[in-house]
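What follows is each chain in one-letter form.
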Amino acid sequence: CQSNKDKMGADKMPKLVLVTGANGYIATMLIKELLQLGYKVRGTVRDPTNERKTAALRAFPESAENLELVPLELTSGDEGFERVMEGGVEWVMHTACPVVLNNSVDESEIIEPALEGTLGALRAAHKQSSVKAFV
């Protein structure tokens, strides 16, 4: 796989990519690919010290130098998202979403936090002049 630095030139690569919900399956695969392509990644998780939930991310060879895990609750509001986007985040990949394995859960326990988190992430990205792309 050709590195992104080779394809785009080092000066055009984003300095930092934020991936929310970093320990989810989709986010883990995104982070793996981003690291392999030479990106620096900041991933959000509820608890970065939880080894069981972050072990797969920390196992990637590039993670020691290019992966930063930071705490963020999906419902932490605009301020939480603003905090994790500081420091030159240029791309945001918002994959965080509540996961409930119990069928008796009210829709509001899934939809409201997902909507609140997405809107908080969008508002924070809009305020950050460094953010160039939001997925």
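In the block above lies the structure referred to throughout.
What comes next is a walk through the structure. (Residues numbered from 1 in each chain as written. Predicted model: local features only at pLDDT ≥ 70, side-chain atom pairs only at ≥ 80, totals over all residues. Heavy atoms only, no water.)

On to the overall build of the chain, then. Regarding its fold elements, the chain presents six helices and five strands. Along the chain, from the amino end to the carboxyl end, the secondary structure elements read α-β-α-β-α-α-β-α-β-α-β. Across the 135 residues that make up the chain, the buried fraction comes to 41%. Summarising the internal contacts of the chain: among those between residues at least 6 apart in sequence, 70% fall at separations of at least 24. Only carbon and sulfur atoms are counted for the fraction: they give 53% of the accessible area of the chain, which is about 8,000 Å². (Helix = DSSP H or I, 4+ residues; strand = E, 2+ residues; numbered from the N terminus. Buried < 20%, exposed > 50% of the residue type's maximum accessible area, 1.4 Å probe, protein only. Contact = heavy atoms within 4.5 Å. Areas by Shrake-Rupley, 256 points an atom, 1.4 Å probe, with all protein chains shown as cover.)

A cluster of acidic side chains, namely Asp106, Glu107, Glu109, Glu112 and Glu116, defines a negative patch on the protein surface. One can find glutamate 112 in helix α6 (residues 108-127). (Patch = residues over 30% accessible without salt bridge, like charges linked within 9 Å, V, L, I, M, F, W, Y side chains within 5 Å. Salt bridge = Lys/Arg side-chain N within 4 Å of Asp/Glu carboxyl O. Lys, Arg positive; Asp, Glu negative; His and termini not counted. Charge placed at Lys NZ, Arg CZ, Asp CG, Glu CD.)

Our focus in this paragraph is the pairing of strand β1 (residues 17-20). On β1, burial covers both faces: Val17 and Val19 on one face and Leu18 and Thr20 on the other are all buried. Following the chain from β1 across helix α2 (residues 25-36) to the adjacent parallel strand β2 (residues 41-45), one finds a crossover that is right-handed. Bridging between β1 and strand β4 (residues 91-94) involves four bridges; their strand directions are parallel. Following the sheet pairing, threonine 20 is matched in β4 by histidine 94. (Right-handed = clockwise from strand over helix to strand, strands pointing away. Pairing = 2+ DSSP bridges.)

What follows covers the pattern of salt bridges. According to the stated counting rule, one finds six salt bridges in the structure shown. The partner of arginine 58 in a salt bridge is glutamate 51, with the nearest N and O atoms 3.9 Å apart. Judged by its relative accessible area of 49%, glutamate 51 is partly exposed.

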